[in-house]
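Examination of the molecular architecture
One letter stands for each residue in the lines below.
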Amino acid sequence: MSPAKPPKRDLLTTQTLKREEVLNLLDLAARMKLKGPGNLLAGKTLGLIFFDKSLRTRVSFEVAMVHLGGHCVIISSAYSDIYELEPEESAVMDGRADEHIKDAAATLSRYLDALAVRHVGTRRVYEIDRRDPVVAGYARFATVPVINMESETQHPCQAIADVMTMREHAVRLEGRKLSIVWTNHPEPRSMSVPNSLVTLAAKMGMEVTLAHPLGYELDPDVMAAAQLEARAAGGAVRVVNDLGDGMEGADFVYAKSWGSLKYYGDPEREALVKRSLGDWLVTGELMQRTSKARFMHPLPVRRNVGVTDEVLDGENSIVYEQAGNRLHSQKAILVNLLK
Ligand code: CP
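Residues numbered from 1 in each chain as written. Predicted model: local features only at pLDDT ≥ 70, side-chain atom pairs only at ≥ 80, totals over all residues. Heavy atoms only, no water.

Attention now goes to the sheet that holds strand 9 (residues 236-240). Taken in spatial order, the five strands make up an open sheet running 9-8-7-10-11, and their pairing is parallel. Across the chains shown, the open sheet's two edge strands, defined by having one partner strand only, are strand 9 and strand 11 (294-296). The mean inter-strand angle of the sheet, taken between neighbouring strand axes irrespective of direction, is 20°. As judged from the three bridges shared by strand 10 (residues 252-256) and strand 11, these two strands associate in the parallel manner. Residue V253 lies in a different strand from strand 11, and its bridge partner there is F295. Relative to strand 9, helix 8 (residues 220-233) is tilted by about 135°, and along the sheet it contacts strand 8 (207-211) and strand 9. (Pairing = 2+ DSSP bridges. Helix = DSSP H or I, 4+ residues; strand = E, 2+ residues; numbered from the N terminus. Axes fitted to C-alpha atoms, helices over the stretch in contact; angles between N-to-C directions. Contact = heavy atoms within 4.5 Å.)

Every residue near the ligand is listed here: S54, L55, R56, T57, R118, H155, Q158, P298, L299 and R326. Contact distances for the ligand include 2.7 Å between an oxygen atom and a backbone N or O atom of L55. Within the backbone of R56, one N or O atom sits 2.9 Å away from an oxygen atom of the ligand. Protein coverage of the free-state accessible area of the ligand, which is 250 Å², stands at 93%. Of the residues contributing to the shell around the ligand, the split by class is three nonpolar, four polar and three charged. (Near = heavy atom within 4 Å. Polar contact = N/O pair within 3.5 Å; in protein donor to acceptor, adjacent residues only side chain to side chain. Areas by Shrake-Rupley, 256 points an atom, 1.4 Å probe, with all protein chains shown as cover. Nonpolar A, V, L, I, M, F, W, Y, C, P; charged D, E, K, R; others polar.)

Let us look at helix 3 (residues 101-111). By the burial criterion, the buried members of helix 3 are I101, A104, A105, L108 and S109. Here the buried residues of helix 3 occupy an arc of 130° about the axis, which is enough to place them on one side. For helix 3, the secondary structure elements touched by its buried residues are strand 1 (45-50), strand 2 (71-76), strand 3 (85-86), strand 4 (99-100), strand 5 (114-119) and helix 5 (133-141). (Buried < 20%, exposed > 50% of the residue type's maximum accessible area, 1.4 Å probe, protein only. Arc of directions from axis to C-beta.)

For the coordinates displayed, the defined rule picks out 23 salt bridges. Residue R172 pairs with E174 through a salt bridge whose shortest N-O separation is 3.6 Å. For R172, a relative accessible area of 54% gives the class exposed. The shortest N-O distance in the salt bridge between R289 and E248 comes to 2.7 Å. One end of the pair, R289, is in the loop between helix 11 (284-287) and strand 11; the other, E248, is in the loop between helix 9 (243-247) and strand 10, and 41 residues separate them in sequence. Given a relative accessible area of 43%, E248 falls into the partly exposed group. One connected set of salt bridges, linked through shared partners, spans R19, R172 and E174. (Salt bridge = Lys/Arg side-chain N within 4 Å of Asp/Glu carboxyl O.)

In structure tokens, the structure reads:
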């Protein structure tokens, strides 16, 4: 009898990654950055399935596969219409969806060695969106590894690149102060980045401060899990409702806007609330309250709405380093899943 095939591995969330796995990925990413192109994934194919816009994620995954000797296939509604997919099990498919994720994922698994999916929620019903049904559906029904390229609740590839970047500046992250600060934005954005980052920074033993206005709390389950992780790693996660207080003494200031759970599904009401939140803007004056912090943002950014030009273009801004490290950390992720 032949030995049982090991179960396929996915990268869907930072929550299930063990600290040791993260450290191994970061070490591999650092080696990848030094090494340059190679042929580790010669003959391998990666399908990039986009239901939402992207600049960095699409290009960095494509270039990563080229550098590793593999190939990408872009499957995106921006190039040609792809079928609307049904994520719910046992659905009676008499609505808009042409195909079930079960069938699409099983089919694509016959052509491709891995799938990477970006699908953020519709921001109508949180109880549905919080399950990330499209990314989870691909993971469930594909027989090849699935990578979450951003869903409503998680952006693990971004968070891994962020931690890689902080490590390049701080060597040891234990005890370092990271302030994740909410900033204003005309539209409600997903909570994927703060969710993934608070979890990963907690696993690294960082002292994490989340600064956001009332009503912009992260999912309590994410926060509870991050607080447990932080405690286990000797760090902490705390919340304040004032931007300046949140930045006090920080080594890293990470700005990001995200949508409110309180007003989920009600964008008009949220837009009204945000009219009084215009001072949630990272300025040079506020950066003076930090410990000469590096400034971080996952991009794209609304200049002079979430952060001033002065900070973004200033000498402590490492936003392009973060974006650049998406390439190296994703190479590590791909080699880890496919080799
Ligand atoms: N940060 C990030 O994911 O960028 P894109 O939306 O451009 O992929």
